[in-house]
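# Results of the structural survey
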Amino acid sequence: MFSKQHRLQISGEMYFAVFILASALSVLSLPEDLIESRRRVVHVLEDETGAVIVQTAPGKVVTHRGGSITLPCRFHHEPENTDPARIRIKWTKVTDALQFEDVFVALGKQQRVFGSYRGRVFLERAGPGDASVIIQNVTLEDYGRYECEVTNDMEDDTGFVNLDLEGVVFPYYPREGRYKLNYHQAEDTCKHQDAILASHSQLHKAWLEGLDWCNAGWLEDGSVQYPISHPRDQCGRKDTPAGVRNYGYRHKEDERYDAFCFTSKLNGKLYFLKRFKKVNYAEAVKACIRDGSAVAKVGQLYAAWKFQLLDRCEAGWLEDGSIRYPIVNPRSRCGGSQPGVRHLGFPDKKFKLYGVYCFRQYKDDTAGSKLTKPLEESVLKWKSSNSIPMNATNAI
């Protein structure tokens, strides 16, 4: 029996073969969304010994936060009369560092779901040989590579599915300034802003879409990189080609950089709170709470700009104490010729006056206006204490 690390490098030439059908894309989203399923070609060949060799077209399945997705996996066994009760199906999430997180296991009719996947992962059961699973209410942390392993007695084989999310990458640095975050701080900072550390593929896609940022930031695999669309002397020399510059893997505790965060669609409403006068930070927090919301996080503003096409030429407070505003349709009086989220820095919280962006989360995946439990707690706490393409200069 091979180790998991070894199985990542071997082919599927065994008596028992599993193949991934990168098809049957099943996405459930908000009622007005309708995403067409996509299918990929799968070739099944047979060698001279009669053993089945499986070849799959490379690809991935794509959904968004809050949606549902099928991770497709099918198997075929020789001989065909194998007892289904003796077949074991196991799904595992695999990180770039070859760490394994148990997701789901089934042996006959017995099933078990692990960790944060409990209550969200189910076998699809589309017919004989189907080992596909459905993940409901997809989270940002679900993004990544999954292993489908099917075992019968002493024989097994594996296949892989990459789960991608529709989303947006944004660079981030805290009030303390540039290059202040080690890896773990960057990871926590992104989570606090309703995001996760971006992967290299997510950053590369953002670069292809025009992201240009001259400061290096942490990625989820522990590497430090930055995207350059317009080479210039202050960003690695003007005569170097455009691309994603890579500092390699850095010391996670001792070295400090910015962060590249990734977020996806919102389960809620982000809006600019209309008021007769501008407010300081503390007043902004109270104003959102009175309106049944909370001050929006940076990741939430980027998601609203990307997916809700929020376009507002008014600067407002965000939860981290920064002042930003989203522009979809650039105009000269709104900060430049490129779309993006404009960033005006971290002003004095007591004396600087601006508007405010609020966020109200939907409860139980509905578009109702009821408060979620975290927001209810924030209201009670306040009451008790008070009896597209992004431009480098505008993206953050």
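Bear in mind the structure is a predicted one, so any value in this text is a computation, not a measurement. (Residues numbered from 1 in each chain as written. Predicted model: local features only at pLDDT ≥ 70, side-chain atom pairs only at ≥ 80, totals over all residues. Heavy atoms only, no water.)

### A short note on helix α3 (residues 200–208)
Listing the buried residues of α3 in full gives Gln 202, Leu 203, Ala 206 and Trp 207. Angularly, the buried residues of α3 cover 140° about the axis, an arc narrow enough to put them on a single face. Each element contacted by the buried residues of α3 is listed here: β14 (167–172), β15 (196–197), β17 (223–228), β18 (243–249) and β19 (258–264). Positioned one or two residues after α3, Gly 210 has a phi angle of 115°, which is positive. (Buried < 20%, exposed > 50% of the residue type's maximum accessible area, 1.4 Å probe, protein only. Helix = DSSP H or I, 4+ residues; strand = E, 2+ residues; numbered from the N terminus. Arc of directions from axis to C-beta. Contact = heavy atoms within 4.5 Å.)

### A word on the pattern of salt bridges
Throughout the structure, instances matching the rule amount to 14 salt bridges. The partner of Arg 120 in a salt bridge is Asp 142, with the nearest N and O atoms 2.8 Å apart. With Arg 120 in the loop between β9 (110–113) and β10 (121–123) and Asp 142 in the loop between β11 (133–135) and β12 (144–152), the pair connects residues that are 22 residues apart, well separated along the chain. The exposure class of Arg 120 is buried, given its relative accessible area of 10%. Here Asp 142 falls in the buried class, since its relative accessible area comes to 1%. The partner of Arg 312 in a salt bridge is Glu 314, with the nearest N and O atoms 2.6 Å apart. Taking the relative accessible area as the measure of exposure, Arg 312 reaches 24% and is therefore partly exposed. On the accessibility criterion, Glu 314 (35% relative accessible area) is partly exposed. (Salt bridge = Lys/Arg side-chain N within 4 Å of Asp/Glu carboxyl O.)

### Looking at the sheet that holds β10
Strand order in the open sheet formed by 3 strands is β5-β11-β10, and the pairing between neighbours is antiparallel. With one partner strand each, in any of the chains shown, β5 (69–71) and β10 form the two edges of the open sheet. Taking each pair of neighbouring strands and ignoring which way they run, the sheet shows an average axis angle of 30°. Across 3 bridges, the pairing between β10 and β11 is antiparallel. The residue of β11 that forms the bridge with Phe 122 is Ile 134. (Pairing = 2+ DSSP bridges. Axes fitted to C-alpha atoms, helices over the stretch in contact; angles between N-to-C directions.)

### A closer look at the state of the cysteines
Across all of its chains, the model carries 5 disulfides by this definition. Covalently, Cys 313 is tied to Cys 334 through a disulfide, its sulfur atoms 2.0 Å apart. Of note, the bridge from Cys 313 to Cys 334 carries an S-S torsion of about -115° and is left-handed in sense. Of the two residues, Cys 313 is situated in the loop between α5 (298–307) and β22 (316–317) and Cys 334 in the loop between β23 (323–327) and β24 (340–343); the sequence distance between them amounts to 21 residues. Judged by relative accessible area, Cys 334 falls into the buried class, the value being 0%. Among the cysteines of the chain that take part in disulfides, numbered as they appear in the sequence, the pairing is 1-2, 3-6, 4-5, 7-10, 8-9. (Disulfide = S-S within 2.5 Å.)

### Observations regarding the nonpolar core
The nonpolar side chains of a soluble globular protein tend to be buried with one another. Ranked by size, the top nonpolar core spans 78 residues in total, and within it Leu 71, Trp 91, Phe 104, Leu 270 and Tyr 357 carry the most contacts. For this core, the element with the highest residue contribution is α5, accounting for 6 residues. Those residues in contact with Phe 104 that lie beyond four places of it in its chain are Ile 89, Lys 90, Trp 91, Gln 111, Arg 112, Val 113, Phe 114, Val 121, Leu 123 and Val 133. With 12 residues, the next largest nonpolar core counts Tyr 281, Cys 288, Trp 317 and Cys 358 among its residues. (Core = buried A, V, L, I, M, F, W, Y, C linked by side-chain atoms within 4.5 Å.)

### What to know about the packing of aromatic side chains
The relative placement of two aromatic rings is captured by the distance of their centres and the angle of their planes. Within this structure, the stated rule accounts for 13 aromatic pairs. Here Tyr 117 and Tyr 146 contribute two aromatic rings whose centre-to-centre distance is 6.5 Å and whose plane-to-plane angle is 85°, an arrangement assigned as edge-to-face. Here the residue Tyr 117 occupies a position in the loop between β9 and β10, and Tyr 146 occupies one in strand β12, the gap between them amounting to 29 residues. Note on Tyr 146: relative accessible area 1%, which makes it buried. Seen from their ring centres, Tyr 179 and Tyr 257 are 5.6 Å apart, and the 65° between their planes marks the pair as edge-to-face. Residue Tyr 179 is located in the loop between β14 and α2 (183–192), and its partner Tyr 257 is located in the loop between β18 and β19; the two are separated by 78 residues in the primary sequence. (Phe/Tyr/Trp six-rings, centres within 6.5 Å; stacked < 30°, edge-to-face > 60°.)

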